[in-house]
Every structure is written in structure tokens, then in C-alpha cells.
Amino acid sequence: MNRQNGAARPYDVVLFGATGFVGVLTAEYLASHAPDGCRWALAGRDRAKLERLRTRLTALDPRCADLPLLEADADDAGSLRALAESAHVVATTVGPYVWYGEKLVAACAEAGTDYTDLSGEPEFADRMFLEHDTRARETGSRIVHACGFDSVPHDLGAYFTVRQLPEDVPLRIDGFVRSNAVFSGGTFASALTAMGRGPQMLRAAKERRLHEPRLAGRRVRAPLGRPRFSAETGTWALPLPTLDAQIVARSARALARYGPDFRYRHYASVKHLPVALGGTAALGALLGAAQVPAARDWLLGRYEPGAGPDAERRRRSWFTVRFVGEGGGRRVFTEVSGGDPGYDETAKMLAESALCLALDELPATSGQVTTATAMGDALLERLRAAGLRFRVAAVR
Ligand SMILES: NC(=O)c1ccc[n+]([C@@H]2O[C@H](COP(=O)([O-])OP(=O)(O)OC[C@H]3O[C@@H](n4cnc5c(N)ncnc54)[C@H](OP(=O)(O)O)[C@@H]3O)[C@@H](O)[C@H]2O)c1
């Protein structure tokens, strides 16, 4: 465990960006789920907003009246250094991360502080690997991106599936994601930003490939699949070029249990062909608009930062990720499922990841690591206890 300077640090967990849409949900989750004795604090750039949030949390639990409030700005390296040095773990919702994220990663890597975020931005993860992985390894800091719906259910779902399959044989896993959820202003801004940065994303990925040590004696791949009808799930499968498959592949690189030759493919799963075609066309149009600054700015202006689906809409939202795994003559069907993926479950995943890093006995890791590598079973059990379902549906 990373506990250097441990005794001197006032907080187990600091939540940065606590006043945003997911930040508030994460703060509410911590207010009702952080165990007794866990020292946590709210951080953000606007003291008045932090005070209003603390009042709201105090209505949930009177003990929140004493929650410390820390002021920091994503552009102010000094305030971020103070934040990182005050905590064992900093969890941040301040995105788009490619704009606002780097200084905090640098501060945590320097201070030996564990770091979790909600980034689903491949370019950000690659750039942070290139710039800060080495220092984080030296100080013992664990930098864990994608601790929300991107990419916890996929990463831990693949991890769970691997463990249902034989050891030391080639493994093939396909993941199929379904959901009926809608998104927040912050998510839309991050997705549109990432879509508008294709060349930068490809450049960062290429540089990473050049710097990352080659995997000796094993093979790991996450190729983009082809659109197809999936008889296994009875749905149309559309390849999803998100960060999720890269995260699964990184876990597979780090953990020998994924076998000598591992392949993961990641799909959106859609029941009806017209919906699949319409969704693909809409995504194509958004991708096109993201390349034109005026169109991108117009679209960004249509979604308010800090706004998102209300409690009633979130209550009706759900997700499932089905996995089909094969290896050594065995075929397993597994499933991870839960409620509103982007917000209620994401807040839960971010909060539980931070608590897990701060409080649980975990394998020794450092540098840029994944949820499966850094936390594995401990996080899976935490999420199960918190209501997410991980199950084996069938074995053939
Ligand atoms: N991984 C996933 O599955 C997942 C799911 C949901 C969201 N996300 C990501 O999480 C991020 C947050 O989403 P959201 O909907 O909560 O967005 P949001 O409501 O716009 O919240 C953004 C937060 O960042 C803060 N912030 C902005 N600029 C700052 C600065 N310079 N210094 C300090 N704080 C600053 C805002 O502070 P103020 O309150 O003071 O404005 C706010 O707290 C986005 O990047 C989104 O893509 C990921």
C-alpha cells in the first residue's frame, strides 16, 4: 500500500470538483457511505458553492457539518500541490481532463498521492502515461483513470470473466454494452472535445506505443471488431472505439492470469437494426460537427455545465454489459449490470474506488494502473456490496 508520509496527511480522501453534477452525487454517496473514521474533504474552486454543498450534505448526515472545505483551481499548480500533499487519495471530476486534468496528475505523482478520475479520454490517459508514469512509480503514487462507467464495468467485467476461464490458455472475450441512459453537460463537453482532437489522440497513442515496454512472451490485443449481428446476445453489435477496450488490454498486459494470448473486442449492443443505423448516423454527424470549431462551439453552448438528468430520469436508467468468454474448450456468458450508468453508478464507482485505494489491503502497484490491476477483487466486492451485479449467466 502507498502510505509514505501517511501519518502526516490530514485526509484519506479529497473529492475535487465536488460541486459539479457528478461531484455532488459523489459527495452525497460519500456522505452516506464513507465508514466511520474515514477522514474526507470537499474541494473545488468556489468556496460559496462548497459551503452550499456542505449544507446540503449536512441534511443527509449531521456529521457533515464539520466537513473540511479546500479551495483549489485546476489552473493553479500551487493549490493542487497543497491538495495532493494533504491526502492519501484525490478523486477528481474536473473535466474535460485534457483541458483541466494534467496539473493535478503531476501534483499527485510528485507527492506520492493516489489519484482517481472519471476520464474516458484516451488522449489524456496516454499523455499522462508519457509525462507522469515514471515519477508516479518513483513516489509510489497510483494513477487510476476511468473510475466511472468508463471503464469500471468493462475492466472489472473482463477481469471477472477471465477468472471463470481456464488458466494458461489463449482467451477471447467480447463485451456488449446496452443502456437507456442520457448524459450531462460535462459528459457532452468531454465527448465532443475528444472527438475534435482525433490527430492529437492518434499522436499520443503512437508515442505511447513507442515508449511502453514490449510484453515479453505473451500477446494482448484489443482490435476494433466489425459491425455484425451477434447470435450470442441476440442484438446488433457495433464496434465501440472508446477507452474501455484499451483499459481492458492494459489490465491484460499487467496480469498474467489473462493468459498467453488475450483478445478483447468491445461493442455497443442494439436490439433493433433501425436504431443501430440511426445511432451510427447520429454519431457520424456529431463526429463531423466536432471537426468544425463553429459547429463544436454551438453544440457546446446547448448543454449547461453542471446540468444533467434529474433523479426521476436517472431512476429509470439502467445498463448491462454482457461478456462472452472462450478459452481452453470452455465458453462462459457473464454480465455486469446496474442502474443509471453515467451518474448514480459512476458516482458510486468513483467513491468506492477512492475508498478502496485509501482503506483496503491491495496488491503493490504504482504508476498509471487500471482499476483491475490496482484494486481487482477488493473493488469488485465493494461494488457488489453497493448494489452492482456481477454474475455468471451460463457456462457451455
Ligand atoms: N467516466 C464516466 O463514465 C463519466 C460519467 C460522467 C461524467 N464523466 C466525466 O466527468 C467530468 C465531470 O462531468 P460533470 O457532468 O460532473 O461536469 P460538470 O457538472 O460540468 O462539473 C465539472 C466540475 O469541474 C469544476 N471545474 C471546472 N473548471 C475548474 C477549474 N478551473 N478549477 C477547478 N474546478 C473546475 C466545476 O466547478 P464549478 O462547480 O465551480 O463550476 C465542476 O465542479 C466530465 O469530464 C465528464 O466527461 C465521466
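Look above for the structure.
Residues numbered from 1 in each chain as written. Predicted model: local features only at pLDDT ≥ 70, side-chain atom pairs only at ≥ 80, totals over all residues. Heavy atoms only, no water.

Some points on the site of the ligand
Neighbouring the ligand are 28 residues, the closest being Thr19, Phe21, Arg45, Ser184 and Ser190. Within the contact set of the ligand, an oxygen atom lies 2.7 Å away from a side-chain nitrogen or oxygen of serine 190. Of all elements in the fold, only helix 1 (21-33) and helix 8 (185-195) reach the threshold of two or more residues within the shell around the ligand. With 3 residues, the top contributor of residues to the shell around the ligand is helix 8. (Near = heavy atom within 4 Å. Polar contact = N/O pair within 3.5 Å; in protein donor to acceptor, adjacent residues only side chain to side chain. Helix = DSSP H or I, 4+ residues; strand = E, 2+ residues; numbered from the N terminus.)

Some thoughts on the packing of aromatic side chains
Centre-to-centre distance and the angle between the planes together describe a pair of aromatic rings. Applying the stated criterion to the full structure yields 8 aromatic pairs. A ring pair is formed by tryptophan 99 and tyrosine 100, whose centres lie 6.0 Å apart and whose planes are at 90°; its orientation type is edge-to-face. Judged by relative accessible area, which is 44%, tryptophan 99 ranks as partly exposed. With a relative accessible area of 34%, tyrosine 100 lands in the partly exposed category. Centroid distance phenylalanine 229 to tryptophan 236: 5.2 Å. Interplanar angle 70°. Geometry classified as edge-to-face. A residue is classified by how much of its surface remains accessible, and tryptophan 236, at 27% relative accessible area, is partly exposed. (Phe/Tyr/Trp six-rings, centres within 6.5 Å; stacked < 30°, edge-to-face > 60°. Buried < 20%, exposed > 50% of the residue type's maximum accessible area, 1.4 Å probe, protein only.)

Focus on the pattern of salt bridges
Scanning the model with the defined rule gives 34 salt bridges in all. The partner of arginine 137 in a salt bridge is aspartate 133, with the nearest N and O atoms 2.8 Å apart. Within this pair, arginine 137 and its partner aspartate 133 are both found in helix 6 (residues 122-139), separated by 4 residues, close to a single helical turn. Arginine 137 sits in the partly exposed class, given a relative accessible area of 47%. For glutamate 345, the salt bridge is made with lysine 348, and the minimal N-O distance between the two is 2.8 Å. Separated by 3 residues within a single helix, glutamate 345 and lysine 348 lie in helix 14 (residues 344-359), roughly one turn from each other. Each of the two residues, glutamate 345 as well as lysine 348, counts as buried. Sharing partners across several salt bridges, the network here consists of Asp174, Arg228, Glu232, Arg265, Glu326 and Arg331. (Salt bridge = Lys/Arg side-chain N within 4 Å of Asp/Glu carboxyl O.)

Here we look at the pairing of strand 2 (residues 40-44)
Burial analysis of strand 2 places 5 of its 5 residues in the buried class, the great majority of the element. With burial as the criterion, each face of strand 2 is covered, one bearing Trp40, Leu42 and Gly44 and the other bearing Ala41 and Ala43. Handedness of the crossover is the feature at issue here: the chain leaves strand 1 (residues 11-16), passes through helix 1, returns alongside strand 2, and the resulting connection is right-handed. Handedness of the crossover joining strand 2 and strand 3 (residues 69-71) through helix 2 (residues 47-60): right-handed. (Right-handed = clockwise from strand over helix to strand, strands pointing away.)

Remember that the coordinates give geometry; whether it matters functionally is a separate question.
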